[in-house]
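Observations on the model geometry
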Amino acid sequence: MSTAIATLTGHKDRVWNVAWNPKGTVLTSCGSDHSIRLWSKEGDAWVCKTVLSEAHTRTVRSVAWSPSGSTLASASFDATVNIWDCREENIECVATLEGHENEVKSVAWAASGALLATCSRDKSVWVWEVAEDDEYECASCMPSHSQDVKKVVFHPTADILASASYDNTVKLHREECDDWTVFCTLTGHQSTVWSIAFNVSGHRLASVSDDRTVKVWQEYLPGNKEGVATPEGAPVWKCVCTLSGFHQRAIYDVSWCSLTGAIATSCGDDCIRIFKEQPNSDPNAPVFDLLLTIPQAHAEDVNSVTWNPTVVGLLASASDDGSIKLWDFSHIF
Amino acid sequence: MSGFSGVLKLTDLDDFIAPSQECIKPVKVEQKSGRGVIRIENDGADAAMAVQPKYEKAKITLNDCLACSGCITSAEVVLVNQQSHDEFYRVLAENNSREISEKLTIIVSMSPQAVLSIAAKYSLGADECAQKLASYFKRLGAHYIFDTNFARNLSLLEAEREFLKRYKEKDSDPKTLPMLASACPGWVCYAEKTHGSFILPYISTVRSPQQVMGSLVKDLWATQKGLTPDKIYHVTVMPCFDKKLEAAREDFYNETFSAREVDCVITSVEVEQMLVRDEVELVTLSPCCLDGDLSSGSQLTSHPGSSSGGYAHSIFIKAAKELFNQEIDDLQWKILRNNDFREVILEVNGETVLRFALAYGFRNIQNLVQKLKRGKSPYHYIEVMACPSGCLNGGAQVRPESGISSKELVAQLEEAYQSLPASRPHDDQRVLSCYSEWLGGHDSEKTRQVLHAKYKAVEKNVNALGIKW
């Protein structure tokens, strides 16, 4: 239960991020050794099938798969984002997105596969449109935050973009008239918001912070039955739950399972924790139970966690200790 | 960092005025000659005991500060403090207390976009506003008030000539086109810093109207009045803080007289603040005509095309006429990916011979540069501006009143601008005589020196201690 089903080693330095492809068959990792690794199962073992090491000149901070599974994007401290064509055995870098002033922290794809978002220490959030022939054009460059932007995530179905920042806020963006713009700011965290995740429907958002809490936010649309005011006909997001007292250090990542509804967090106290909403919870004041804590999941800070999109209970984690671990939590669901 | 364009806000201003850890500018200590006391040592040697000097507060001039790379003060602080309305007030006060023979001549040049922004705030007509502002500035101690549209004529004509020359060379030199507009300092400074030597050869060398005005005031006009550049204090009123950065460029500094061509840039929002501070109701002031020497005329004028100078418009029409013998009055702009990215083409015998674009705002600049880098730009000329909707939406324009959106205000200002009488630089006698009498012809060394500028790639300042996390 508290032991990993597999430990994947190979990265020569801290691993920053892990991401599953949409089919759940390939795990991608990236880290401070400037490389991206693709892992898949051969028989009972997980092996590293590909190492992409020449394309970035600094730490690769984040990787993201397009919804079709044919393209991978990697965001790096070298201020670029590389786009990889993964349809063939031989993975090739087909485009490089330049323009950010400094370290790119995160990259995310929209559900349609037609948009990409990036964010950086330069405090801005960019939206890119995928044109033909591997051409990516800037659709918007927003100076959204007042500090380093740590993470961007698209809504599971709509063209709504969420961003989390060192300025303690989460901002929601959408296209209005001619350009993208911030339509909602979620305030409440007392420190850097490191990561965010939408639930399967997109009506809720979980955020994790340096302030050691997890917050769950809920969308209230115009005309909602709870009577929450929606000025100017824009949806309003309210914090409906705060989980505090569980984490001993900063929480670096969060993953909200689309299959089970469980929330996994990765923490600077080296632990992984799993939370789930109590059945029959008040929808406007939900209660989340801590189902499981894995103490010393890794030897050092756990930087990233991600649920497999097709296999129930399968979780991947990445750490400063240079390793990636796979966990099977299917028994708790 | 308010007041600056979105483009400069996204880059690091500190790289332009490279601050590092401590000011290393040696401060000149005045050697006061006085009574030295000689102390006779025991061995017979003598040592002069200097009177302990009383140190004055260390002062560094803006020039020294900007030219040096040793200061901890951030670029923004330097620019905003040294080139602001506070500085203007200080200079005015200092001038008021000077002897007549020592007084500086104070000139104020106003851009049409700034005037319109202020006019909208106080519900005044364009000319009314310009004249009331003239009255206000004269009250404060300024001597002559001009508008910058006359200067813009020269800027446009030079841009036309440069384009024609480059178009003719395009087959022998693939890097001569597309020609990119140079009037916007937000764009130019960003280009110097981010894309350096790759992009600079494409940018037009023509000076912006502000800097042409600088030349006109400190060279042509000064000579006519028997003044040297350091005896004139030239203030411009502009729609953004980026213009402060432009005025501070090395290129626009006269070494001989240690004088800037534009000494101080104040912006629309700063004029608003000044009026509040001085408790002046602009509407109640009696209008004062602008001075004729360097103004566009008795009324404010516009140039056809965009409200950011109309560069693409005038160059397109001139090129169509000169190169293809086509008389065009009106350009049919097609909106592409967004409102701030448009193109217009000229087809002759089924072939596209001219293709121009307008690219305003950071996202469009990004796309334009990336396309250029990949060799995929189909354009011959691109009017590039840092601010979406152009100068009327500059970073330091007066904010809209509550109840009206930014978009609505900009639309209002556009309408106001388009209703100003259009200037016709080709027929303007004064413009033509500038070339014949002052500049010595279109291709003279003087023209190149006084109406054109140079660009330099700016190194990124990688000072770990200077990074803002």
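What counts and how
Residues numbered from 1 in each chain as written. Chains lettered and ligands numbered in written order. Predicted model: local features only at pLDDT ≥ 70, side-chain atom pairs only at ≥ 80, totals over all residues. Heavy atoms only, no water. UniProt positions renumbered as here; feature names shortened; annotations may be inferred. Helix = DSSP H or I, 4+ residues; strand = E, 2+ residues; numbered from the N terminus. Buried < 20%, exposed > 50% of the residue type's maximum accessible area, 1.4 Å probe, protein only. Contact = heavy atoms within 4.5 Å. Areas by Shrake-Rupley, 256 points an atom, 1.4 Å probe, with all protein chains shown as cover. Axes fitted to C-alpha atoms, helices over the stretch in contact; angles between N-to-C directions. Parallel < 35°, antiparallel > 145°, perpendicular 65-115°, else oblique. Nonpolar A, V, L, I, M, F, W, Y, C, P; charged D, E, K, R; others polar. 1 Å grid on protein atoms, 1.4 Å probe; cavity = no way out; pocket = protein on both sides within 12 Å on 5 of 7 lines; lining within 4 Å. Points joined across faces, edges and corners; volume = space filled by probe spheres on them. Core = buried A, V, L, I, M, F, W, Y, C linked by side-chain atoms within 4.5 Å. Salt bridge = Lys/Arg side-chain N within 4 Å of Asp/Glu carboxyl O. Polar contact = N/O pair within 3.5 Å; in protein donor to acceptor, adjacent residues only side chain to side chain. Pairing = 2+ DSSP bridges. pLDDT = per-residue confidence, 0-100. Phe/Tyr/Trp six-rings, centres within 6.5 Å; stacked < 30°, edge-to-face > 60°. Patch = residues over 30% accessible without salt bridge, like charges linked within 9 Å, V, L, I, M, F, W, Y side chains within 5 Å.

An unreviewed UniProt entry annotates chain A as Probable cytosolic iron-sulfur protein assembly protein Ciao1 originating from Portunus trituberculatus. Quoted verbatim from the Sequence similarities (unreviewed entry) field of the UniProt record, the comment on chain A reads "Belongs to the WD repeat CIA1 family."

The helix and strand inventory of chain B stands at 16 helices and 13 strands. Relative to its full complement of 469 residues, chain B shows a buried share of 53%. In chain B, the proportion of contacts linking residues at least 24 apart, taken out of those at least 6 apart, comes to 76%. Accessible surface for chain B amounts to roughly 21,900 Å². Of this, 50% is attributable to carbon and sulfur atoms.

Attention now moves to the packing of helix H7 (residues 149-168) of chain B against helix H15 (residues 429-439) of chain B. Residue and element names in this part refer to chain B. Interaxial distance between H7 and H15 falls to 10 Å at its minimum, and their mutual angle equals 70°. Of the possible angle classes, the one that applies to H7 and H15 is roughly perpendicular. Of H15, the residues touching H7 (which contributes Phe 150, Asn 153, Leu 154, Leu 157 and Glu 158) are Arg 430, Val 431, Cys 434, Tyr 435 and Trp 438. Its residues placed into classes, the contact of H7 with H15 shows seven nonpolar, one polar and two charged.

To continue, consider empty space enclosed by the protein. Residue and element names in this part refer to chain B. This model, assessed by the stated rule, comprises five cavities of 30 Å³ or more. The volume enclosed by the largest cavity comes to roughly 260 Å³. Forming the boundary of the largest cavity are 25 residues, of which Gln 113, Ala 183, Pro 239, Lys 243 and Cys 391 lie nearest the centre. Sorting the residues of the lining of the largest cavity by element identifies helix H5 (112-121), helix H9 (209-225) and helix H10 (242-247) as the ones contributing at least two each. By residue class, the composition of the lining of the largest cavity is 13 nonpolar, nine polar and three charged.

Once that is clear, we can look at the nonpolar core. Leu116(A), Phe163(B), Leu180(B), Trp187(B), Leu354(B), Phe356(B) and Tyr381(B) are the most contacted members of the largest nonpolar core, which totals 68 residues. The greatest single-element share of this core, amounting to seven residues, is contributed by strand E12 (residues 351-360) of chain B. Setting aside anything within four residues of it in sequence, one finds Leu354(B) in contact with Phe163(B), Tyr167(B), Phe316(B), Ala319(B), Ala320(B), Phe324(B), Val344(B), Ile345(B), Leu346(B) and His380(B). The next biggest cluster of nonpolar side chains, apart from the first, holds 43 residues, and it includes Met110(B), Tyr136(B), Val280(B) and Tyr417(B).

A complete count under the given rule lists 43 salt bridges over all chains for this structure. Two residues, Arg374(B) and Glu135(A), come together in a salt bridge whose shortest N-O distance is 2.7 Å. Note that Arg374(B) is positioned in the loop between helix H13 (362-373) and strand E13 (381-385) and Glu135(A) in the loop between strand E12 (125-130) and strand E13 (136-142), a pairing that runs across two chains. Here Arg374(B) falls in the partly exposed class, since its relative accessible area comes to 38%. The partner of Asp179(A) in a salt bridge is Arg363(B), and the shortest N-O contact between them spans 3.3 Å. Taken together, the residues Asp179(A) in strand E17 (residues 179-186) and Arg363(B) in helix H13 connect one chain to another.

Moving on, we get to the UniProt feature "repeat: WD" (unreviewed entry) in chain A. All names here are of chain A. What UniProt calls "repeat: WD" (unreviewed entry) maps, in this numbering, to residues 8-40, 53-85, 97-138, 142-172, 186-218 and 295-333. Here residues 142-172 is 0% helix and 48% strand, with 12 Å between the C-alpha atoms at its ends. Across residues 295-333, the secondary structure splits into 0% helix and 44% strand, with the terminal C-alpha atoms separated by 20 Å.

Moving on: the interface of chain B and chain A. Between chain B and chain A, the residue contacts involve 22 residues of the former and 20 residues of the latter. Across the contact surface, chain B and chain A share eight salt bridges. With a shortest N-O distance of 2.8 Å, Glu135(A) and Lys376(B) are connected by a salt bridge. In this assembly, chain B and chain A are joined by eleven residue pairs in polar contact (both at pLDDT 80 or more). Residue classes in the side of chain B that touches chain A are distributed as four nonpolar, six polar and twelve charged.

Residue and element names in this part refer to chain B. With respect to topology, four strands assemble into an open sheet ordered E4-E3-E6-E9, the strand pairing being parallel. Two strands lie at the open edges of the sheet, namely strand E4 (144-147) and strand E9 (264-267), each paired on one side alone. Averaged over neighbouring strand pairs, the angle between their axes works out to 25° when direction is ignored. Relative to E4, strand E3 (residues 105-110) runs parallel, the two sharing four bridges.

Further remarks concern unusual backbone geometry. All names here are of chain B. The step from Leu 177 to Pro 178 runs through a cis peptide bond, and the omega angle for that step is 5°. Inspection of the secondary structure puts Pro 178 in the loop between H7 and strand E5 (179-180). The phi dihedral of Ser 123 falls on the positive side, at around 50°, and the residue is not glycine. Counting through the fold element by element, Ser 123 comes out in the loop between H5 and helix H6 (126-140). On the basis of relative accessible area, Ser 123 is assigned to the exposed category, the value being 66%. The phi angle at Asn 349 is positive, at roughly 55°, despite the residue not being glycine. Turning to its location among the elements, Asn 349 is positioned in the loop between strand E11 (341-348) and E12.

All names here are of chain B. The share of residues in chain B with pLDDT of 70 or more is 82%, and the mean pLDDT across the chain is 86. Per-residue pLDDT, averaged within each element of chain B, yields its smallest value for helix H2 (residues 62-67) (47) and its largest for E13 (98). Below a pLDDT of 50 lies the segment residues 18-23, which in the model reaches 25 contacts outside its immediate sequence neighbourhood of four places, other chains included. Long-range and interchain partners of residues 63-73, a stretch whose pLDDT sits below 50, account for 32 contacts in this model, where long-range means more than four residues apart. Interface confidence for the predicted complex, expressed as ipTM, amounts to 0.89; the pTM equals 0.87.

With that settled, consider the packing of aromatic side chains. The geometry of an aromatic ring pair comes down to the distance between the two centres and the angle between the two planes. Residues and elements named next belong to chain B. Under the counting rule described, the total for this entry stands at 25 aromatic pairs over all chains. Between Phe 163 and Phe 356, the aromatic rings sit 5.2 Å apart at their centres with planes inclined by 75°, giving edge-to-face as the arrangement. With Phe 163 in helix H7 and Phe 356 in strand E12, this residue pair connects regions lying 193 residues apart in the sequence. With respect to burial, Phe 163 and Phe 356 carry one shared label: buried.

Here the focus is a nonpolar patch on the surface. Together, Leu259(A), Leu291(A), Val312(A) and Phe333(A) make up an exposed nonpolar region whose accessible area comes to about 300 Å². Inspection of the secondary structure assignment puts Leu259(A) in the loop between strand E22 (251-256) and strand E23 (263-267).

Residue and element names in this part refer to chain A. One open sheet accounts for four strands, arranged E2-E3-E4-E5; its pairing is antiparallel. Edge positions in the sheet fall to strand E2 (15-20) and strand E5 (45-52), since each of these pairs with one other strand and no more. When strand polarity is set aside, the average angle formed by the axes of neighbouring strands in this sheet is 25°. Bridge count for strand E4 (residues 36-42) against E5 is seven bridges, and the pairing is antiparallel. By the bridge assignment for E5, Lys 41 is matched with Trp 46.

All names here are of chain B. Within the secondary structure, Ser 268 is located in helix H11 (residues 268-277). With a relative accessible area of 0%, Ser 268 lands in the buried category. A distance of 2.6 Å separates the side chain of Ser 268 from the side chain of Gln 397, its partner in a polar contact. If near-sequence neighbours (up to four positions away) are discounted, Ser 268 is found in contact with Ala 114, Ser 117, Ile 118, Met 238, Pro 239, Ala 396, Gln 397 and Val 398.

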